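# Observations on chain architecture
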Amino acid sequence: MAVTNRSLREEKRAERKARRQIGESVGGELSALWRALAPWALLATAIVVAPAAWWLARINDVQVFSAICIALAGAVMLGVSLKLTRRRDLGRWHELFNVSAPVGVIAWTIAFGPDRYVLVGGAIFGITSAIIWNRRHTSSAMRELELAAGGYAGVQGNVPQRWQAFATEHMPQVAASKMTVFTNTPEVLHVGIDLGPGEVPDDLTDRTTLQKLTRFGGGILGGTTVAVGDYLDKVGVTILRVDPLKKPFAWNGPTAPGESIIEPIEGLGKYRDGLDLSLLLPHVAAKTEDGEDKAHSHMTVVGMSRSGKGSAGEQIDVCVATRKDSAIVLCDPVKADQQLGAIGQGAAYVLTNPSAIRAFLHRLVNVTIPRRAAYLGSPGHNLLGKVCKEWEPGCGLTWLLVHVYEAAALFNNPHMTQLSERAASVGIQLMYEVQIAKHDKVDTNLRSNAGDLLHFGVKDPDDAALVMPPELLDMGATPWAWGNRRGGMCYAALGHLSLNRQAIPARFGRPARDGSDIEGALAEYMHLVDPLDPITADSWGEPYQKFAAARAARADSAPRMHSFAGRSAPAYAGQAAARPATIAGAVLLDERPAPRVSVPPAAERYSAPVAPPGGDIEGDADPLGDDEPETGFDLDDPHEEDPPRADELQAEREQAAERVVGDLAVLMDSDEELREAADEVFAAMERHGGEESPPDPGMLPGRDMDFPEDPDEQHFRPIVHRDEAFDILLDVLRTKIGEGNTFRWADVYDELEHRARRGESWVRKCRKPLMGWGCIQETETFGVFEVIHTRRGDLDDYAESLDEAV
């Protein structure tokens, strides 16, 4: 046999392994022997050493001092034992007795001399304690032997032999395989299996075989995952014996607020192996020539009722909403404010009516996507100056996440399917949630177009097989193992993750039940977000404009408190607050929370008040005069020839406001701490009514572009509510027909179709309630009715409100 370096290294490795095994064996035997003899050694020490220590202390006349030192040492030992002992109640109290009793006997004997009662009592109780100790030690040793026989307690040497016997008897298809143990603890068993000739990974990945592997390793239900090697000759198996995600944990809040959406969304939760659960949503180009791009894909969220998918969706929404170049659109046709109450404040658009949602999806497909595509494909208009095949940060468009809760209520909507086919390249992602992805709940084409999947708990394997990739099921994915008992548990089957990672369960963090952390995150970080781009906002039409106006009105009417951290306010702060049309009004128009600033007292920085441009300040007089600026005209004087016009008064008010703004700028600019707050104030003023310089026509975002129009725009409008449709019908009878006149139903069809989007069948159904209210009555001619009055009969105050409206 030739001697080579490799053979020598193998011989040395085998020698070191043998020595280590011998040392572990000898060390284990010595450790077991010491644990058995420890209580008897303590007993002998207390009975024999105590009189000898008393005799030595009496000769040297240090009895009291020695007793005190031994008592203090015993107290320290007792405290350390309490700190380090992790046993249950019986074991803890037994060990405390073993520590304190010998020290107490020795200290008593040194202080007061040998006492036969103390020594006899100590001996009896010591022997009893030693016997109990040995009995407990024997029981623990037996349990360790039982665990070792089952493969626990770090005994790795017997697991491969057990595998050979187990595979030969119960899994003959992999009988030639060999197992290598990487980790074997009471929490997890991680092994590698080298497959024999003719054996393939599929021999280990069917459901029955996975259950046998779980049984072999003593794992929990759904705790076995299989990772397949690149050459199909090796398989990694992880068997969890304890589930680290069994108990919920708190959500840590959004990560990287104010950054671009192209950065990963992290901190959503944890995998079973302890790694962080993260998402990468938009298209991300590879950094190298031979690298793979991360494709932009739509997402399906599946899970049975109470599985935690809604709470997880809120966390994703708030992370997207707080990125500077992204926005979310929330659609919930079922639960409305109950689901969207907390996260709705961070959405660019919120829709809760099914017809309004369908109309919005129609506009997305026929208006928004063509306009965004035209903008991205025009180098002369998008801010990157090139043809953008995909949405990129800095292009001038806002990346959109359209999140549809309860998507089954919108089944058979062709525009949602078309959205999944056309929207990815223009920076729009669709994320829809359903409880079960059956063909009568989700369109199969829509289901196929969504490349990403968050699969929460389901009822049975058949429900999971509808959307979960077969390879993940073969690798051990079992979302039915926990159902809805563990909210937030899911499989993240995301395109940018490897299959081995997708097969590991994860769990989302749990936000506060009242939504306070969601609302707090939005209140803290929404000021870092850029406004929605004008191309997208214009493409959503009049419904979005009404929504934005209503939100702005609510924001303006909400009370606000501006704090100056307990110090005196700057000059003219009260005057500005008293004039909503001036600087205070401009600041309040900003929906972002006002920054907390600290202003030192004016006396510490100025010896006299700052005079505004164009006038002096005398004493405490208002630099702007009275409540209104001085105009030189008496508006109540009838002999005044040229009273000022409204535009002149408005101009003077604007000049006064500019002077106040200038004073505030001088005051805040002199302090370095206040400059940042001043910049935010003036930026808010510019966004809400400030004069803007005319932009470069070549770079104006899409204003000079000929966007394609929606061919179905006039026809596709939201269907109004039934009560509103009744009001429209009565208005048509009052204005077009008139009381006392006759009509046929065909006379009102076109008007109702145009104004209420109601067809002939609905109009004919109104005949019975209208006749019941006495609004119309039949005539002698068939199909002809006479209008008696146009007041509704189901509202008591309808006549008064109608008269007021007229």
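Residues numbered from 1 in each chain as written. Predicted model: local features only at pLDDT ≥ 70, side-chain atom pairs only at ≥ 80, totals over all residues. Heavy atoms only, no water.

Moving on, we get to the overall build of the protein chain. The helix and strand tally for the protein chain stands at 26 helices and 17 strands. Counting the 806 residues in the protein chain, one finds 40% classified as buried. Long-range contacts, defined here as pairs at least 24 residues apart, represent 67% of the contacts in the protein chain between residues at least 6 apart. Surface accessibility of the protein chain: about 44,600 Å² in total, with carbon and sulfur atoms responsible for 54%. (Helix = DSSP H or I, 4+ residues; strand = E, 2+ residues; numbered from the N terminus. Buried < 20%, exposed > 50% of the residue type's maximum accessible area, 1.4 Å probe, protein only. Contact = heavy atoms within 4.5 Å. Areas by Shrake-Rupley, 256 points an atom, 1.4 Å probe, with all protein chains shown as cover.)

Residue-level pLDDT values for the protein chain average 76, and 71% of them are 70 or greater. Across the protein chain, the element-wise mean pLDDT spans from 34 in helix H19 (residues 583-588) up to 96 in strand E10 (residues 399-404). Confidence drops under pLDDT 50 across residues 562-636; counting only partners more than four residues distant or on other chains, this segment forms 107 contacts. Within the model, pLDDT remains below 50 along residues 690-700, and this stretch shows 11 contacts once partners closer than five positions in the same chain are excluded. (pLDDT = per-residue confidence, 0-100.)

So, about a negative patch on the surface. On the surface, Asp202, Asp206, Glu471 and Asp474 cluster together into a patch of negative charge. Within the secondary structure, Glu471 sits in helix H13 (residues 470-474). For Glu471, a relative accessible area of 35% corresponds to the partly exposed category. (Patch = residues over 30% accessible without salt bridge, like charges linked within 9 Å, V, L, I, M, F, W, Y side chains within 5 Å. Salt bridge = Lys/Arg side-chain N within 4 Å of Asp/Glu carboxyl O. Lys, Arg positive; Asp, Glu negative; His and termini not counted. Charge placed at Lys NZ, Arg CZ, Asp CG, Glu CD.)

Quick look at the environment of Asp325 now. As for its position among the elements, Asp325 is in the loop between helix H7 (309-321) and strand E8 (326-331). Residue Asp325 is classed as buried on the basis of its relative accessible area of 11%. Through-space distance from the C-alpha of Asp325 to that of Gly396 is 8.8 Å; in sequence the pair is 71 residues apart. Once residues within four sequence positions are removed from consideration, Asp325 is found in contact with Glu259, Ser260, Ile261, Trp391, Pro393, Thr398 and Trp399. A distance of 2.7 Å separates a polar atom in the side chain of Asp325 from a polar atom in the side chain of Ser260. (Polar contact = N/O pair within 3.5 Å; in protein donor to acceptor, adjacent residues only side chain to side chain.)

Moving on to the packing of helix H5 (residues 159-170) against helix H6 (residues 207-217). Running from amino to carboxyl end, H5 crosses H6 at an angle of 145°, the nearest separation of the two axes being 11 Å. Relative to H6, H5 is oriented so that their crossing is right-handed. Between H5 and H6, the contacting residues are Val159, Arg162, Trp163, Phe166 and His170 on the first element and Lys212, Leu213 and Phe216 on the second. Residue classes in the contact of H5 with H6 are distributed as five nonpolar, one polar and two charged. (Axes fitted to C-alpha atoms, helices over the stretch in contact; angles between N-to-C directions. Left-handed = near helix turned anticlockwise from the far one by under 90°. Nonpolar A, V, L, I, M, F, W, Y, C, P; charged D, E, K, R; others polar.)

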